[in-house]
Amino acid sequence: EREPSTLTDGSPAAGGVSYPADLRCEWLVLGPAEAARRAAALRSEPEDGLEALAVAVAAAAVETTRHKVDYDHGGVEDVSLVRLSAAAKVGVAAEAAGGAAAVAVSAGAPPQLVELTFPRFFVWQGDRVVVRDAASGDLIATLSGEAKAKDECGVAGCAGYLTWPPLVAPAGFSFVFESDHFDEAVYVPPGAEPSRFSAAGFLASLRLAPGCSTDKSCGPGGVCRPESGLCECGVGRSGADCSYASCLGVRTLHGASGVLASSARALEPRERYVNDAVCGWRLAAGEETGRGRGFLRLSIEYDVEPSFDFVEVYDGSGTQHAQLSGAGGPVLLTIPVDGGAPLIRFTSDGAGRRSGFRASYNFTAAACDTHADCSGRGACVRGLCACEPGTHGLSCDSKYCLAYNPPA
């Protein structure tokens, strides 16, 4: 509780030159409530140390092994990923389960949230750190590249550098590091002092945190939910304190209407989204009581690298209704809602960046209210668009025949 505990990839950015290729490490970090829930599910009483949480991998003797990864199917041939020595101290209790290491340590009466930060982070392109919610499995962040901690930036500030925000989750984190097939290392000239050069790897720090208390803790446009201690960030912002001015992971939005964007300054001329982005917005109003059936209307304007970066739209069943790349818009898109939560997904590859995308949405009972809802290519008749010949879709937005065309 007083001192953050740490996780490393085995060659942290504070030492060593690089990590090996084909490496996969996984940690499972549980919060107090989730630890108690899992203990109850195992029909066992938690020991004193399992009532609370901290991570003390650095205090334990950790053995890691290299593994061959099946990249086509996302599986791992060798499942024994991490073993914690029984010599772990400071009240650490460890349990190997499903290839992950579960670690808990006594901390008195801890706060509710688990907070993750990265004091050091330099992960090569093609390698990644994937952080998920330990309870729901929702993606919190996919991280790659070189990032600096705010205290490293000096007087000039952190302009031009990635600075990962703190991440929080009440249940804790499922935390995975993967490297690809390529061996990469920082070049250190002969006779030079290695400590002067950035070493590849990362250092992750975890602690118990109280969460937000006021809206001031949640950045521009953010709202604090004191009952949970979590911030609802403004458009295009993310992180526990909403300090990161781009999207991260999958976010759930509960409003019947709203705006979402790849970054806080999306579509501005000088704005550039990050490489290797993986972001999503789950529109939960599509599955909430009273709005389980009807339509979702979207207006999307986008500027992303053609053929490599994409804005995708899925309905609640997982059916894809649009895949946008290049530049265009506003594109009017209407999709049916039948009890599930639609998903908007944005991805970018490792090279080439543009200004991103911005979308507005609202849930309605009808596919259209006026002729303007039919993209200028049809007429609104009894709540459905009657499209002109050669156009298709619930808002006449497509030149191609689609599975969800309204009846003629």
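As a convention, each chain's residues are numbered from 1 in the sequence order in which they are written. This being a predicted model, a pLDDT of at least 70 is required before a residue's local features are given, and a value of 80 or more before pairs of side-chain atoms are given or counted; all residues contribute to the totals for chains, interfaces and linings. Water and hydrogen atoms were dropped before computing side-chain values, which therefore reflect all heavy atoms in the structure.

Trainee: Sorry, what's going on with the nonpolar core here?
Mentor: Generally speaking, soluble globular proteins have nonpolar side chains that are buried together. Only buried Ala, Val, Leu, Ile, Met, Phe, Trp, Tyr and Cys residues count toward a nonpolar core, and they belong to the same one when joined by side-chain atoms within 4.5 Å. Each residue's exposure class comes from its accessible area (1.4 Å probe, protein chains only) as a fraction of the maximum for that residue type: buried when under 20%, exposed when over 50%, partly exposed otherwise. Residues Phe118, Val129, Phe346 and Phe357 are the most contacted members of the largest nonpolar core, which totals 58 residues. What counts as a helix is a DSSP run of H or I of at least four residues, what counts as a strand is a run of E of at least two, and both are numbered from the N terminus. Among the elements that line this core, the one with the most residues is strand E9 (residues 113-123), at 6 residues. Ignoring sequence-local partners within four residues, the contact set of Phe118 consists of Val129, Leu143, Trp164, Phe175, Phe202, Leu203 and Ala204. Core analysis: the second largest hydrophobic core is formed by 6 residues, Cys218, Cys231, Cys233 and Cys242 among them. Any two residues whose heavy atoms approach within 4.5 Å at even a single point are treated as in contact.

Trainee: So what exactly am I meant to see when it comes to the confidence of the model for the protein chain here?
Mentor: The predicted coordinates of low-pLDDT regions are not to be read in fine detail. The predictor attaches a confidence to each residue, called pLDDT, with possible values from 0 through 100. Looking at the protein chain as a whole, the pLDDT averages 75, with 68% of positions reaching at least 70. Every residue in residues 10-16 is under pLDDT 50, and counting partners more than four places away or in other chains gives 14 contacts.

Trainee: In this structure, what is going on with the sheet that holds strand E23 (residues 320-324)? I would like to understand it.
Mentor: Whenever strands of a sheet pair, they do so through backbone hydrogen bonds, lying parallel or antiparallel. Note: two strands are recorded as paired if DSSP finds a minimum of 2 bridges between them. Strand order across the open sheet formed by 5 strands is E18-E20-E25-E22-E23, with mixed pairing between neighbours. In this open sheet, the two strands that pair with only one neighbour each are strand E18 (249-253) and E23. Each neighbouring strand pair of the sheet contributes to a mean axis angle of 15 degrees, computed without reference to strand direction. Where strand E22 (residues 310-314) lies against strand E25 (residues 343-347), 5 bridges are found, and the strand directions are antiparallel. Counterpart to Glu312 in the pairing with E25 is Arg345. Note on definitions: angles span 0 to 180 degrees between N-to-C directions of axes, and those axes are lines fitted to C-alpha atoms, for helices only across the stretch in contact.

Trainee: How do you make sense of the side chain of Ser179 when you look at a structure like this?
Mentor: Within the secondary structure, Ser179 sits in the loop between strand E14 (172-178) and strand E15 (201-209). As used in this structure description, the phrase polar contact means that two N or O atoms lie within 3.5 Å; if the pair is within protein, one of them must be able to donate a hydrogen and the other to accept it, and residues adjacent in sequence are counted only when both atoms belong to side chains. Within the structure, the side chain of Ser179 is placed 2.9 Å from the backbone oxygen of Pro20, a separation counted as a polar contact.

Trainee: Whenever I open this one, the side chain of Ser238 confuses me. Can you help?
Mentor: With respect to the helices, strands and loops of the structure, Ser238 is situated in the loop between strand E17 (230-232) and E18. There is a polar contact of 2.5 Å between the side chain of Ser238 and the backbone oxygen of Ser246. Setting aside residues up to four positions removed in sequence, Ser238 forms contacts with Pro165, Cys233, Ser243, Tyr244, Ser246, Cys247 and Leu248.

Trainee: Explanation requested: the packing of aromatic side chains in the structure shown.
Mentor: Centre-to-centre distance and the angle between the planes together describe a pair of aromatic rings. Stacked, tilted and edge-to-face are the three classes assigned to paired rings of Phe, Tyr and Trp, where Trp is represented by its six-membered ring and a pair needs centres within 6.5 Å; plane angles under 30 degrees give stacked, over 60 edge-to-face, the rest tilted. Per the counting criterion, the structure on display carries 16 aromatic pairs. Measuring from ring centre to ring centre gives 6.3 Å for Trp27 and Phe202, while their planes differ by 85 degrees; the resulting arrangement is edge-to-face. Separated by 175 residues along the polypeptide, Trp27 in strand E2 (residues 24-30) and Phe202 in strand E15 bring together distant segments of the chain. With a centroid separation of 6.4 Å and 70 degrees between ring planes, the pair formed by Phe118 and Phe202 is classed as edge-to-face. Of this pair, Phe118 sits in strand E9 while Phe202 sits in strand E15, placing them 84 residues apart in sequence. Each member of the pair Phe118 and Phe202 is classed as buried.

Trainee: I'm lost on the state of the cysteines in this one. Help?
Mentor: Counting rule for disulfides: a pair of cysteine sulfur atoms within 2.5 Å. Inspection of the entire model under this criterion finds 7 disulfides. Bridging Cys218 to Cys231, the disulfide has an S-S length of 2.0 Å. Sign of the S-S torsion, about -75 degrees for the bond between Cys218 and Cys231, identifies this disulfide as left-handed. Placement of the pair is Cys218 in the loop between E15 and strand E16 (223-225) and Cys231 in strand E17, with a sequence separation of 13 residues. The residues Cys218 and Cys231 share a single accessibility class, namely buried.

Trainee: How should the pairing of E22 be read in this particular structure?
Mentor: When a strand is regular, its side chains alternate between the sheet's two faces. Counted residue by residue, E22 has 5 buried out of 5 residues, so it is predominantly covered. Side chains Phe310, Glu312 and Tyr314 project from E22 onto one buried face, and the interleaved Val311 and Val313 project onto a second face that is buried too. In this structure, E22 lies alongside E23, joined through 4 bridges in antiparallel fashion. When the bridges of E23 are listed, Glu312 appears paired with Gln323.

Trainee: I tried to follow the pattern of salt bridges on my own but got confused; where do I start?
Mentor: Pairing of side chains with opposite charge becomes possible as their charged atoms draw close. Here a salt bridge means any side-chain nitrogen of Lys or Arg lying within 4 Å of a carboxyl oxygen belonging to Asp or Glu. Applying the stated criterion to the full structure yields 12 salt bridges. Here Arg225 and Glu232 are joined by a salt bridge, their closest N and O atoms 3.1 Å apart. Under the relative-accessibility criterion, Arg225 is labelled partly exposed at 31%. What emerges from the salt-bridge pattern is a single network uniting Arg24, Glu26, Arg128 and Glu178.

Trainee: Sorry, what's going on with helix H1 (residues 32-41) here?
Mentor: Residues separated by three or four positions in an α-helix point in the same direction, a consequence of the helix having 3.6 residues per turn. Those residues of H1 not exposed but buried are Pro32, Glu34, Ala35 and Ala39. The arc that holds every buried residue of H1, seen down its axis, measures 170 degrees, which confines them to one face. Exposed side chains of H1 directed beyond 90 degrees from the buried face belong to Ala33, Ala40 and Ala41. Relevant arc is that of directions from the helix axis to the C-beta atoms, nothing else.

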